[in-house]
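Listed below are the residues making up each chain.
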Amino acid sequence: MSVSMLSTFVKPMHPEGRKFVAIFAGITLVLFLLWEPLGWIGVGLTVWCYYFFRDPDRVTPTREGLMVSPADGVVSLLEPAVPPVELGLGDQPMMRISVFMSVFNCHVNRLPAAGRISKVAYRPGKFFNAALDKASSDNERNGLAVTLPDGRQYGVVQIAGLVARRILCWSKEGQSLMSGERFGLIRFGSRLDIYLPEGVTPLVCIGQTMCAGETVIADLDGTEPQRQGGVR
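Residues numbered from 1 in each chain as written. Predicted model: local features only at pLDDT ≥ 70, side-chain atom pairs only at ≥ 80, totals over all residues. Heavy atoms only, no water.

K.L.:
I keep staring at the overall build of the chain and nothing clicks. Help me out?
P.N.:
The helix and strand inventory of the chain stands at four helices and 13 strands. Contacts in the chain between residues far apart in sequence, at least 24 positions, make up 72% of those at least 6 positions apart. Accessible area for the chain stands at about 11800 Å²; split by element, carbon and sulfur atoms hold 61% of it. (Helix = DSSP H or I, 4+ residues; strand = E, 2+ residues; numbered from the N terminus. Contact = heavy atoms within 4.5 Å. Areas by Shrake-Rupley, 256 points an atom, 1.4 Å probe, with all protein chains shown as cover.)

Next up, the structure:
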């Protein structure tokens, strides 16, 4: 399969974004009628809106046991934490990887590892900056508990951010998904938390850039020690 120059820059848009792009485009036309410089600002914002809702195809590693990032963004937290109680994953800390998404990241979310969704739980809450630690417990969120083929479980939680006001999850309890398969979307800035099964070591570092469905975050069957990294 060849990659064209056009496909490098022009990405498909998720259907959720169509109405927003249409609204931005309509406002832009009005701005042009009022004052041309304002119209060009509207053009820039409309392009940004399309870019925000982009939904590119991703090449997911298929080796058994690999877990991939559920979101584009940057690893902001990496520490043991008790998963949200509504997921039913117990009260013991699990290794948590937090991926913070800015308003410039692709916001389509993908399943880290193939399995059956055993629980989908939504919880209303506040809208603190998603980069803060307290966002995991205080912010509006939607969580999935996923059962792996070997019976182990992990969790992935969509967390609303400072400007995010809508969490979308179109996957249902009992549904089986493949690794890297799309399961939801968050509008306008947010965060994803991944709770790894017991004994699984993260293969990412704080500050590392993630690509949803492609960047390997852990190996369910591996013995590699936790990676160390630093900004260069």
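K.L.:
Just checking my understanding: could you explain the environment of K11 for this structure?
P.N.:
Checked against the element boundaries, K11 lands in the loop between α1 (5–9) and α2 (18–34). Between the alpha carbons of K11 and D55 there is a distance of 6.6 Å; along the sequence they are 44 residues apart. In this structure K11 touches Y50, R54 and P56, once residues within four positions along its chain are discounted.

K.L.:
Any chance you could explain α2 here in plain terms?
P.N.:
In an α-helix, one turn spans 3.6 residues, which is why side chains three or four residues apart end up on the same side. The terminal C-alpha atoms of α2, which comprises 17 residues, lie 25 Å apart, in line with the 24 Å expected from a rise of 1.5 Å per residue. Taken together, the buried residues of α2 touch α3 (36–52) and β10 (182–187). (Expected span 1.5 Å × (residues − 1).)

K.L.:
How should I be thinking about the packing of α2 against α3 in this particular structure?
P.N.:
When two helices pack together, their arrangement is given by the angle between the helix axes and the distance between those axes. Interaxial distance between α2 and α3 falls to 7 Å at its minimum, and their mutual angle equals 170 degrees. The angle between the axes of α2 and α3 places the two elements in the roughly antiparallel class. Within the contact between the two elements, α2 uses F20, V21, F24, A25, T28, L31 and F32 and α3 uses E36, L38, G39, W40, G42, V43, L45, T46, W48, C49 and Y50. Broken down by class, the residue content of the contact of α2 with α3 amounts to 13 nonpolar, four polar and one charged. (Axes fitted to C-alpha atoms, helices over the stretch in contact; angles between N-to-C directions. Parallel < 35°, antiparallel > 145°, perpendicular 65-115°, else oblique. Nonpolar A, V, L, I, M, F, W, Y, C, P; charged D, E, K, R; others polar.)

K.L.:
Would you take a moment to explain the packing of aromatic side chains for this structure?
P.N.:
Where two aromatic rings form a pair, the distance of their centres and the angle of their planes describe that pair. Summed over the entire model, instances satisfying the criterion amount to two aromatic pairs. Seen in terms of ring centroids, F24 and W48 are 6.4 Å apart; in terms of plane orientation they differ by 50 degrees. Their pairing is tilted. With F24 in helix α2 and W48 in helix α3, this residue pair connects regions lying 24 residues apart in the sequence. When its relative accessible area of 24% is taken as the criterion, F24 is described as partly exposed. Classification of W48 by relative accessible area gives partly exposed; the value is 22%. Here the aromatic rings of F32 and W40 are separated by 5.3 Å at their centres, their planes lie at 80 degrees, and the arrangement is edge-to-face. (Phe/Tyr/Trp six-rings, centres within 6.5 Å; stacked < 30°, edge-to-face > 60°. Buried < 20%, exposed > 50% of the residue type's maximum accessible area, 1.4 Å probe, protein only.)

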